[in-house]
Amino acid sequence: MHIKDLKDCEEFIAGDNTILRELLHPDKADLKLRYSLAHAVLNPGLSSQLHSLKTSEVYYILEGEGLMHINEEEQMVYPGQAIYIPPHAKQYITNTGKIDLKFICIVDPAWRIEDEEVY
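Residues numbered from 1 in each chain as written. Predicted model: local features only at pLDDT ≥ 70, side-chain atom pairs only at ≥ 80, totals over all residues. Heavy atoms only, no water.

**A look at the pattern of salt bridges**
On inspection of all chains with the given rule, the structure shows 7 salt bridges. Where Asp5 meets Lys7, a salt bridge forms, and the shortest distance between an N and an O atom there is 3.0 Å. With a closest N to O distance of 3.9 Å, Lys102 and Glu63 form a salt bridge. Of this pair, Lys102 sits in strand E10 (residues 101-108) while Glu63 is found in strand E5 (residues 56-63), placing the two residues 39 residues apart along the sequence. A residue is classified by how much of its surface remains accessible, and Lys102, at 24% relative accessible area, is partly exposed. A single network of salt bridges, built from pairs that share partners, joins Arg112, Glu114 and Asp115. (Salt bridge = Lys/Arg side-chain N within 4 Å of Asp/Glu carboxyl O. Helix = DSSP H or I, 4+ residues; strand = E, 2+ residues; numbered from the N terminus. Buried < 20%, exposed > 50% of the residue type's maximum accessible area, 1.4 Å probe, protein only.)

**Details of the packing of aromatic side chains**
Under the criterion given, the structure shown has 1 aromatic pair. Between Tyr59 and Phe103 the ring centres are 4.6 Å apart and the planes differ by 40°, which places this aromatic pair in the tilted class. Taken together, the residues Tyr59 in strand E5 and Phe103 in strand E10 connect sequence positions 44 residues apart. Lying over the aromatic face of Tyr119, Lys90 brings its terminal NZ or CZ to 4.7 Å of the ring centre. (Phe/Tyr/Trp six-rings, centres within 6.5 Å; stacked < 30°, edge-to-face > 60°. Lys NZ or Arg CZ within 6 Å of the ring centre and 35° of its normal.)

**Side note on the environment of Asp27**
Considering the arrangement of structural elements, one finds Asp27 in the loop between strand E2 (19-24) and strand E3 (36-42). With 85 residues separating them along the chain, Asp27 and Arg112 place their C-alpha atoms 9.5 Å apart.

What follows is the structure, given as structure tokens:
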């Protein structure tokens, strides 16, 4: 059985300027996964950096609120919502609330630095 506690995950600033903690990644543990799972935090008033991935991604909003930008579309997002981000889509999210925006990121296949382009 593999259980990973968020508090035991190393915090780092991702290429898109969100605060990330990787919970599951097949390259970092002996797991038979195609995807990676990370916890992201974006402080009030901040935006992630415009970026795209060669792979698909899903954000699941846990706390806070934000404005999600995918290519030419934008929409407010709230806790309990899942956002599908297609491969190669230019994307970023802005924290429009007064508390930290917290969300889960699922990347399939698993995130790799060479699959990300930051603008």
